[in-house]
Amino acid sequence: MSKALSIIKPGQLVTVASIQDSALKPKLMEMGLIAGKEIRVLFRAPFGDPIAIDVHGYVLSLRLDEAGLIQVNESIGSEVFA
Amino acid sequence: MKIALLGNPNTGKSSVFNMLTGLRQQVGNFPGVTVDKKFGVFTLNNEEHTLVDFPGTYSIYPRSKDEQVVYDVLKNEEHPDFPDLAIVVADESNLERNLFLFTQVYDLQVPVILVLNMADLAKKNGKSIDLTALATAFPVAKIVETTARVGLGKDRLIQEIQSISKEKHTDRFYTSAKICSLDDSKGQEIEATERYTLINDVLKRVQTTSTAKTEASSNKLDRILVHPIFGYLIFGAILMIIFQFIFAFAAYPMDFIDGIFADFSAWLSQELPTGLFSDLISQGIVPGIGGVLVFIPQIALLFFFIALLEESGYLARVVFIMDRIMRPLGLNGKSVVPLLSSVACAIPGVMATRTISDWKERMITILVAPLMSCSARIPVYTLLIALVIPKQTVFGFLNLQGLVLFGLYSLGLVAALLIAALLKLLIKTREKGFLLLELPSYKSPRWGNVGITVWEKVRVFVWDAGKVILAISIILWALATFGPGDRMEKAALKAENHAKELKLSNEDSERFVASAKLENSYIGIMGKGLEPVIKPLGYDWKIGISLITSFAAREVFVGSLATIYAVQEDGGENKRLIDRMRSEKRFDGTPVYTLASGASLMVFYVFAMQCMATLAVVKRETKSWKWPLIQMAFMGTLAYLGAFITYIILS
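Residues numbered from 1 in each chain as written. Chains lettered and ligands numbered in written order. Predicted model: local features only at pLDDT ≥ 70, side-chain atom pairs only at ≥ 80, totals over all residues. Heavy atoms only, no water.

1. Digging into the overall build of chain B
Per the secondary structure count, chain B includes 28 helices and 12 strands. Across its three principal axes, chain B shows a C-alpha extent of roughly 100 × 60 × 40 Å. Split into buried and exposed, the 651 residues of chain B put 54% on the buried side. Long-range pairs, those at least 24 residues apart, make up 73% of the contacts in chain B with a sequence separation of at least 6. In the form shown here, chain B has an accessible surface area of approximately 28600 Å², with 62% of it arising from carbon and sulfur atoms. (Helix = DSSP H or I, 4+ residues; strand = E, 2+ residues; numbered from the N terminus. Buried < 20%, exposed > 50% of the residue type's maximum accessible area, 1.4 Å probe, protein only. Contact = heavy atoms within 4.5 Å. Areas by Shrake-Rupley, 256 points an atom, 1.4 Å probe, with all protein chains shown as cover.)

Written out as structure tokens, the structure reads:
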């Protein structure tokens, strides 16, 4: 069952499942967010928005609106460690 | 040879640019678009090369107007900026995403050099690259490893530039590659998926990661710097320090420049033979140049700090913690620094909006920045407050004059935020604002880059904005120096005789004559013509003249009033000017400067765009007169209505 990236808790490791069709979709993909990609939610800004994620070696911040476009699967065996 | 410098943001692209071109950088325009083209010329073996620094992008498909130039140039071989050679700078510690843009450029079949920068950082992160294996994946590309921030790898890069074949190659990395049209998002999505699959295949063969690092070291710093409490406290503290420098310490070099030009102009008017041309030099051009140069300390200091914050990676964190707060106002996390800088001076503030990639958010920031009360308003505020606000204590401990000053600053801030929210609704754009911001890892700043940024900003201001400021200074000088027919001469003669009758001292009679001449100059006539318009605000024509002259810069208001009232400016508290203004009466014997008219003037100066230098910079930054004119119009309307309402309420 996939979830929106915007509701994933910091520390959690997830895998990109799909991205909702939108003007932003190709941009998100160019940033490396393609299906199957493993990403980790790192932390949130003080008001919970934007969030910062680790995309295999770099840190990307996105607004909740933008993270909401991304559906992710919780990676098997991943535990919340933060 | 035309060389294009491409690369993701935060890859040290500008370090490579600086390494190759040093200080020989120029700024021009890409044809047809309003994007600055930064380029530098360098010579190798008697061959001249032009290196064009393209905006940092993650893909050839643009995500903002500024980035579109990359696409426009690269897809069109007929474009005058189409390169003979492309240098793509990639961050070796993050090859996957960086190779995305590189492979796109590779597939254009332009001769290409891949610069693997930040080799040191990659090693630190436990990543090593098999360069030979990488070269097999891209057989026609040259690959150079550099650490450009310390100048390492320059020789190899230069060697490769010299040895590269200028013929287009025929190889392709992603064999079905074609350039999609900009609105073909499906095609771009397919390309992204397939390209990344291919890149990952290559990386598996090429890159070895020794330690399974899950957490970047930057992450620990981020725990504090984006913390809900400490994050803001630290940002506040950093701002205080920057402010202290811009606001307080820049005053010394500024006074120094001011003093030198005032002395020089005085010396010139003594030494040069009397005549119109001498006057033009000593009273028009020299003070005009001084009026440009006086801003340099503030601009240099502000950009010194901004470059430092940007280089270190901290600025992205400021955006991160401020974005949510600024968004409802149509602003961006990146608007914070420009707006706060504008409290010192709107000029560096407007120039600092360059970092905002979203066009609409940048425009709104530029448009409201001059509403923040800048330091040039202080002399006007203090004069008027001393004039009409009684020295008394309210609520037992608050100084009323101080409270009014605080109120004026707050008024400017609130207006800026409200107008921003309004503009958010008014300015239409097809691009939806988004963030998608990389938080680069923290690095110690490269002082060379900081220095070059400061130099560039100062140079652009002096050359581009300086021309407009100088031109307006000369126009204002001409309007104050000439009058219709012999009107000024007659007035001067009359004033001289009158002064003799009154047995005034030499100095006093000179001031008396100056006042009469100004009253009969074109500016004086304009001031009088303005009177019916400004009467509802409680002003007379003498104030009208000062409003016009202070268009050069707000603080000129004070000096201009001193000339009109023929009193000596004593610099400090302006006691004589204030006394003279207090005694100023209208025809019906009521005082000109009352609480109502004084407060109305203060409100006028909070809102009005009384600053040609800012206008010139807005024109420079938006590349058209449309925005500065819109800005002047809405700020003028706001000033007029605000002053009118204030006058009605208080009288």
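2. Details of the overall build of chain A
Each helix and strand counted, chain A has two helices and six strands in total. Ordered by position from the N terminus, the helices and strands of chain A form the series β-β-α-β-β-β-α-β. Over its C-alpha atoms chain A spans a radius of gyration of 11 Å, differing by no more than 12% from the 12 Å that the globule rule assigns to 82 residues. Relative to all contacts within chain A whose residues are 6 or more apart in sequence, the contacts with residues 24 or more apart total 60%. (Rg over C-alpha atoms; globule rule 2.2 N^0.38 Å.)

3. Remarks on the sheet that holds strand 6 (residues 70-74) of chain A
Strand order in the open sheet formed by seven strands is 1(A)-6(A)-2(A)-3(A)-4(A)-5(A)-12(B), and the pairing between neighbours is antiparallel. For this open sheet the edge positions go to strand 1 (3-4) of chain A together with strand 12 (437-439) of chain B, each flanked by a neighbour on one side alone. Running at roughly 125° to strand 12 of chain B, helix 13 (residues 314-326) of chain B makes contact with strand 3 (38-44), strand 4 (51-54) and strand 5 (59-62) of chain A together with strand 12 of chain B of the sheet. (Pairing = 2+ DSSP bridges. Axes fitted to C-alpha atoms, helices over the stretch in contact; angles between N-to-C directions.)

4. Comments concerning the interface of chain A and chain B
Listed by partner, the interface residues are 34 residues for chain A and 40 residues for chain B. Interface of chain A and chain B: buried area, both sides summed, is about 3200 Å²; carbon and sulfur atoms make up 60% of it. For the interface between chain A and chain B, the tally reads seven salt bridges. Where chain A meets chain B, there are 13 residue pairs in polar contact (both at pLDDT 80 or more). For the side of chain A that touches chain B, the leading source of residues is helix 1 (residues 25-30) of chain A, giving six residues. (Buried area = accessible area lost by both parts, 1.4 Å probe. Salt bridge = Lys/Arg side-chain N within 4 Å of Asp/Glu carboxyl O. Polar contact = N/O pair within 3.5 Å; in protein donor to acceptor, adjacent residues only side chain to side chain.)

5. Focus on the pattern of salt bridges
All names here are of chain A. Tallied over the full model, the rule gives 29 salt bridges over all chains. The salt bridge involving Glu30 is made with Lys27; its shortest N-O contact spans 3.0 Å. Linking Glu30 with Lys27, this pair stays in helix 1, spanning three residues, or about one helical turn. Lys27 shares its class with Glu30; the two are buried.

6. Observations concerning the nonpolar core
Residue and element names in this part refer to chain B. Phe461 and Tyr593 are the most contacted members of the largest nonpolar core, which totals 130 residues. When residues in this core are grouped by element, the largest group, nine residues, is from helix 13. Excluding residues within four positions of it along the chain, Phe461 makes contact with Val292, Phe295, Ile299, Ile347, Met351, Gly466, Ile469 and Val617. Grouped together as the second largest cluster of nonpolar side chains are 73 residues, Val73, Leu95, Leu101 and Phe434 included. (Core = buried A, V, L, I, M, F, W, Y, C linked by side-chain atoms within 4.5 Å.)

7. What to know about helix 6 (residues 154-163) of chain B
The complete set of buried residues in helix 6 of chain B reads Leu157, Ile158, Glu160 and Ile161 of chain B. Projected onto a plane normal to the axis of helix 6 of chain B, the buried residues spread over an arc of 160° and lie on a single side. (Arc of directions from axis to C-beta.)

8. Some remarks on unusual backbone geometry
Cis rather than trans, the peptide bond between Asp49 of chain A and Pro50 of chain A has omega equal to -5°. Despite not being glycine, Asn10 of chain B has its phi angle at roughly 60°, a positive value. The phi dihedral of Gln109 of chain B is positive, around 70°, even though this residue is not glycine. By secondary structure assignment, the location of Gln109 of chain B is in the loop between helix 3 (95-107) and strand 6 (112-117). Given a relative accessible area of 17%, Gln109 of chain B falls into the buried group.

9. Describing the pairing of strand 6 of chain B
Residues and elements named next belong to chain B. Taken across its six residues, strand 6 has six buried, putting it largely inside the fold. The side-chain alternation of strand 6 yields two buried faces, one formed by Val112, Leu114 and Leu116 and the other by Ile113, Val115 and Asn117. Bridging between strand 5 (residues 85-91) and strand 6 involves six bridges; their strand directions are parallel. By the bridge assignment for strand 6, Val89 is matched with Val115.

10. Remarks on the packing of helix 26 (residues 595-607) of chain B against helix 28 (residues 626-650) of chain B
Residues and elements named next belong to chain B. Where helix 26 meets helix 28, the axes come as close as 8 Å, and the angle between the chain directions of the two elements is 160°. Relative to helix 28, helix 26 is oriented roughly antiparallel. The hand of the helix 26/helix 28 crossing is right-handed. Contact residues: helix 26 offers Leu595, Ala596, Ser597, Ala599, Ser600, Val603, Phe604 and Phe607, while helix 28 offers Met635, Leu638, Ala639, Tyr640, Gly642, Ala643, Thr646, Tyr647 and Leu650. (Parallel < 35°, antiparallel > 145°, perpendicular 65-115°, else oblique. Left-handed = near helix turned anticlockwise from the far one by under 90°.)

11. As for the environment of Ile299 of chain B
In this fold, Ile299 of chain B is placed in helix 12 (residues 296-312). Residues Ile299 of chain B and Ile285 of chain B, spaced 14 residues apart in sequence, show a C-alpha to C-alpha distance of 22 Å.

12. Some details on helix 26 of chain B
All names here are of chain B. Its 13 residues place the ends of helix 26 18 Å apart at the C-alpha level, agreeing with the 18 Å of an ideal helix rising 1.5 Å per residue. Within helix 26, 12 of the 13 residues are buried, which leaves it mostly tucked inside the rest of the structure. Residues of helix 26 that are buried make contact with helix 17 (378-388), helix 18 (400-426), helix 23 (541-549), helix 24 (556-564) and helix 28. (Expected span 1.5 Å × (residues − 1).)

13. Considerations on the state of the cysteines
Residue and element names in this part refer to chain B. Applying the stated rule across the entire model yields zero disulfides over all chains. This cysteine, Cys345, is not joined by any disulfide, and Cys374 carries the nearest cysteine sulfur, 6.3 Å off. With a relative accessible area of 7%, Cys345 lands in the buried category. (Disulfide = S-S within 2.5 Å.)

14. Some details on the side chain of Lys360 of chain B
Within the secondary structure, Lys360 of chain B sits in helix 16 (residues 359-368). Each residue touching Lys360 of chain B, except ones within four places of it in the same chain, is listed here: Leu423, Lys424, Ile427 and Thr429 of chain B.

15. Notes on the side chain of Asp54 of chain A
All names here are of chain A. Secondary-structure assignment places Asp54 in strand 4. Of the side chains with opposite charge, Arg40 comes closest to the buried, unpaired Asp54, at an N-O distance of 5.9 Å. Within the local environment of Asp54, its side chain forms a polar contact with the backbone nitrogen of His56, the two atoms lying 3.3 Å apart. (Lys, Arg positive; Asp, Glu negative; His and termini not counted.)

16. Focus: a nonpolar patch on the surface
Residues and elements named next belong to chain B. Nonpolar side chains collect at one region of the surface, where Leu595, Leu641, Phe644, Ile645, Ile648, Ile649 and Leu650 lie side by side and expose about 640 Å² of accessible area between them. Among the elements that line the nonpolar patch, the one with the most residues is helix 28, at six residues. Here Leu650 shows up in helix 28. What makes Leu650 partly exposed here is its relative accessible area of 38%. (Patch = residues over 30% accessible without salt bridge, like charges linked within 9 Å, V, L, I, M, F, W, Y side chains within 5 Å.)

17. Examining the packing of helix 11 (residues 276-293) of chain B against helix 19 (residues 447-481) of chain B
Residues and elements named next belong to chain B. One can describe the packing of helix 11 onto helix 19 by two numbers: an axis separation of 8 Å at closest approach and a directional angle of 140°. The pairing of helix 11 with helix 19 is recorded here as oblique in orientation. Viewed along their axes, helix 11 and helix 19 form a crossing whose handedness is right-handed. Of the residues in helix 19, those in contact with Leu276, Asp279, Leu280, Gln283, Gly284, Ile285, Gly288, Ile289, Val292 and Leu293 of helix 11 are Phe461, Val462, Gly466, Ile469, Leu470, Ser473, Ile474, Trp477 and Thr481. Considered class by class, the residues forming the contact of helix 11 with helix 19 number 12 nonpolar, six polar and one charged. (Nonpolar A, V, L, I, M, F, W, Y, C, P; charged D, E, K, R; others polar.)

18. Description of the pairing of strand 5 of chain B
Residues and elements named next belong to chain B. Buried residues dominate strand 5, accounting for seven of its seven residues. Burial along strand 5 is two-sided: Leu85, Ile87, Val89 and Asp91 and Ala86, Val88 and Ala90, pointing in opposite directions, are all buried. As paired strands, strand 1 (residues 2-7) and strand 5 are joined by five bridges and run parallel to one another. When the sheet's bridge partners are listed, Leu6 is paired in strand 5 with Val88. With respect to chirality, the unit in which strand 5 leads through helix 3 into the neighbouring parallel strand 6 is right-handed. (Right-handed = clockwise from strand over helix to strand, strands pointing away.)

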